[in-house]
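Descriptive structure summary
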Amino acid sequence: MPPASQAGRIADSSPASPGEQAISLVSPDAPILESTVRDLLTDGSLSGHRISMRLPLDASAGLLAALLTESGAELTVGAVPATTSAGPADGIAAALSARGVTVCRTRSGLTGSRPDLVIDERAELTRAMAAERPEDFARIRGVVECTGPGTALLRELDPPFPVLSADPPSATHPGIAQAVIQTLLRRTNMVLPGKLVALLGYGGAGRSLAAAIRATGGRVVVLEADPLLALEASLEGHRVDDAAEGLSRADVVITVGRRLSVRHLPLLKPGAVLARAGDGEIELDLPEGEGIMNFRISPDREVFVIDGGAPPPYPAENADLTLSTIALACRHLATAGPEPGVRELPREIHETVARAGLTLRGLRLDSL
Amino acid sequence: MKSEIRDPSCWQLGADRIAWAARWMPALQAVGDRLTDTGLLRDRTVGLVLTLEPKTANLALVLQEAGARVIVVCPAAAVTDEVAAALDRRGVTVLARSDASAYDDRRFALRMLDAGLDVLVDDGSEVIRLAHAERPGSLRNMAGAAEETTSGLRPLRVMESRGELAIPCLAVNDARSKYLFDNVYGTGQSCVMAALDLSGLRIAGKVCVVAGYGWVGTGIARCAHALGARVIVSEVNPFQALRAHHDGFEVRPLISACEDADLVFSATGIAHTVALEHLIAMKDCAFVAVGGGVPQEIALADLTDSSTEVVSVRKNVTRYTLHTGRVVHILADGECVNCAAAEGNPIEIMDLSLAVQALAVEHLLRHGAEMRPGVHPLPEALDEHVARVKLDALGIRIDRTTDRQREFLGRGL
């Protein structure tokens, strides 16, 4: 602690930086991270660990970075720009630098630091290390991978260290559904009741989204390649069809876990609106940015793409669940030392996060 | 007549936004084609009082394409300057700028009346009343006026009962093509979305309280529930309360519901719905918004008096710290949250309402001379025409009553 007079002169007279302000603004929306997770990390389990983190650097990710640093980790952050709303990435990066975090700006997040723990998205950093820095790669003690596709890529890599697959918890699905609908309606000013919406994917988020669209008054047609999911969708009252049929009728097409690519374009109804959720992808060559982008299929046919195919900004409370899970996955790697190989996150981590969420809402579990 | 607008140079942005809205307005376009074919509007002058934005701009264009001289006025607060510029460029006379004073707004309305209108389409009936007070001469050759709001019709009916109304006025607001869709689907959806945009709440798992289960309240409850909220309805009317109960919502007095509320909507259209006692009982940090709305639907004056601190968190979100130490957030200063803080009703819903307006213009030009001064309902056939045109545009076919059914219906006892 510096002497009080000095602190008063230096800290209090300068206003908090924009990044620092953005981080403190999302803090109340992250009660699980700020209470339960922070408490658990006071056990010193991350002390002395060198962590490299590569996540879209929005204010919530900034909050996680700050917490990991405060918990004793030596942190390097790849300042991947947040994908939508231009994000306060620069400001967050500056704020983290001021807190002693090393911030680098390469696309892969690769730096000279030699992490023993990696928090990765789409396996970008881990794969870059495997390819370009085999010695550093060999020192890794564990990776937390935050996406499904990234986990699949790491499995191919057959890593000599444990990889925990920290998919967003299922409790984030309703928030994802809300964000997709909210962004779609804000950008287009259209009405959802009466619309036929094609969903590319009926995983957890797809199911939440389908239920929300139907309850609002829209109709859903599910396009699935997985027979189990397609059958579930059908028994839950949704139409199930192939792309040729579904895309030609849909007013709105939303990718949720599956991918819409250029080869689908001829199938689309002219004037259709395309949007993306979560792991879904829209592979059209469009600049990302807020608003409705026209995409011309042929001289007389065009479709409209929301935010250039970027995912919508999710509610801050979703980030609380996701980032809490990531932080606890990190702690698990540091303390439990699981066997090498790609593995599911231990159920107790999900339970810890869910219990904290219930307690904060004053909800009771039954033990009968 | 020359327009008075703020910035003619921003027309392109306005034209793009108007074109986007036009894509989703098939009923208005179809009614416009019908008006063009009749030739009824050729060389007629139509005055429009509008919230000047991309959707309403399409009404002006449709009337103009049908041959009318169109003059648009709009109070400064509701003007989108780029839309004004785009309309002006298309040859519509626009007397509206976002920086106009109250004096300018009045001057614009009088200029419009002095141009000699055949039909006046009003929003809130202020210009109809201004004409009666200041320009009675302008009413002499006017076929009539159309009014699209509940609150605008109220004073016109008072004038009618006193024998003061000099022209026929069509109650566009009371058409089924308007209130069955505008209120439930339009206002319901857009109020919930605006409240989520402003608050940043994830509504799944939250408790959403809806005061009033009329058309708007029904739409709000449905939309909030669809996104995962637990909805509690409060009512004074026993039938509405029973409807809410059978729609699957918990029904409780507002004061008790407030204790659990994360988000409260007032959808009664009645002042003093959310009173100070409710605001004091509210769960800490709850958000409160108005859907539809009249002044003081939330008791803001009382709330301000009872607060130790009032802070604007960001645009349209105000945080009140009560003397109890609890915090309550008011959205859009208690005004209709979807109009004040978002783009208003969805385009396809306004398509119906504006198609009704366009048909009202036609009806007045055709029959205004033979209608007595007073407030008239829109003829059933025109209302139904709008609904059928919309179904056509959507490619939805419906059945016809068969001869045998007609025979059954005609049989009586």
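Residues numbered from 1 in each chain as written. Chains lettered and ligands numbered in written order. Predicted model: local features only at pLDDT ≥ 70, side-chain atom pairs only at ≥ 80, totals over all residues. Heavy atoms only, no water.

**Section: the packing of aromatic side chains**
- Overall, the coordinates contain six aromatic pairs over all chains when judged by the stated rule.
- Here Phe304 of chain A and Trp20 of chain B contribute two aromatic rings whose centre-to-centre distance is 4.7 Å and whose plane-to-plane angle is 90°, an arrangement assigned as edge-to-face. One end of the pair, Phe304 of chain A, is in strand β15 (residues 301–306); the other, Trp20 of chain B, is in helix α1 (residues 11–23), on a second chain.
- The exposure class of Phe304 of chain A is buried, given its relative accessible area of 2%.
- With a relative accessible area of 14%, Trp20 of chain B lands in the buried category. (Phe/Tyr/Trp six-rings, centres within 6.5 Å; stacked < 30°, edge-to-face > 60°. Helix = DSSP H or I, 4+ residues; strand = E, 2+ residues; numbered from the N terminus. Buried < 20%, exposed > 50% of the residue type's maximum accessible area, 1.4 Å probe, protein only.)

**Structural notes on the sheet that holds strand β10 (residues 263–266) of chain B**
All names here are of chain B.
- One open sheet holds the eight strands; their spatial order is β9-β8-β7-β10-β11-β14-β13-β12, and the pairing between them is mixed. Only two strands of the sheet have a single partner each, and these edge strands are β9 (250–251) and β12 (307–314).
- Here strand β13 (residues 317–322) runs beside strand β14 (residues 327–331); their pairing, made up of five bridges, is antiparallel. Considered in β14, the bridge of Thr318 is made with Ile330.
- Sheet strands in contact with helix α9 (residues 176–199) are β10, β11 (286–290), β12, β13 and β14, and its direction is about 140° off that of β10.
- Contacts from helix α10 (residues 215–226) reach β7 (207–211), β8 (230–234) and β10 within the one sheet, and its direction differs from that of β7 by about 170°. (Pairing = 2+ DSSP bridges. Contact = heavy atoms within 4.5 Å. Axes fitted to C-alpha atoms, helices over the stretch in contact; angles between N-to-C directions.)

**Side note on the nonpolar core**
- Formed by 118 residues in total, the largest nonpolar core has its most connected members in Ile254 of chain A together with Leu48, Leu52 and Leu63 of chain B.
- Broken down by element, this core gets its largest block of residues, twelve residues, from helix α16 (residues 347–367) of chain B.
- In this structure Ile254 of chain A touches Val180, Val197, Ala198, Leu199, Leu200, Leu209, Ile213, Ala275 and Ala277 of chain A, once residues within four positions along its chain are discounted.
- Within the second largest apolar cluster, 47 residues are counted, among which are Leu33, Ile92, Leu96 and Leu323 of chain A. (Core = buried A, V, L, I, M, F, W, Y, C linked by side-chain atoms within 4.5 Å.)

**Some words on the pairing of β10 of chain B**
Residue and element names in this part refer to chain B.
- The two faces of β10 match: Leu263 and Phe265 on one face and Val264 and Ser266 on the other face are all buried.
- Across four bridges, β7 lies against β10 in parallel orientation. Residue pairing in the sheet places Val210 in a bridge with Phe265 of β10.
- Of the pairings in the sheet, the one linking β10 to β11 comprises four bridges and is parallel in character. From the neighbouring strand, Leu263 faces β11, where its bridge partner is Phe287.
- Remark: the β10/helix α13 (residues 276–281)/β11 crossover connection has right-handed handedness. (Right-handed = clockwise from strand over helix to strand, strands pointing away.)

**Details of a nonpolar patch on the surface**
Residues and elements named next belong to chain B.
- Nonpolar side chains collect at one region of the surface, where Leu394, Ile396 and Ile398 lie side by side and expose about 280 Å² of accessible area between them.
- By secondary structure assignment, the location of Leu394 is in helix α17 (residues 380–394).
- On the basis of relative accessibility, which here comes to 53%, the residue Leu394 falls in the exposed class. (Patch = residues over 30% accessible without salt bridge, like charges linked within 9 Å, V, L, I, M, F, W, Y side chains within 5 Å. Areas by Shrake-Rupley, 256 points an atom, 1.4 Å probe, with all protein chains shown as cover. Salt bridge = Lys/Arg side-chain N within 4 Å of Asp/Glu carboxyl O.)

**Some words on the confidence of the model for chain A**
Residues and elements named next belong to chain A.
- Mean pLDDT over chain A: 86, with 91% of residues reaching 70 or higher.
- Averaged pLDDT values over the elements of chain A bottom out at 33 in helix α1 (residues 4–12) and peak at 97 in strand β8 (residues 219–223).
- Within the model, pLDDT remains below 50 along residues 1–14, and this stretch shows four contacts once partners closer than five positions in the same chain are excluded.
- This stretch, residues 82–87, has a pLDDT under 50; its non-local contacts, to residues over four places away or in other chains, come to 13 contacts. (pLDDT = per-residue confidence, 0-100.)

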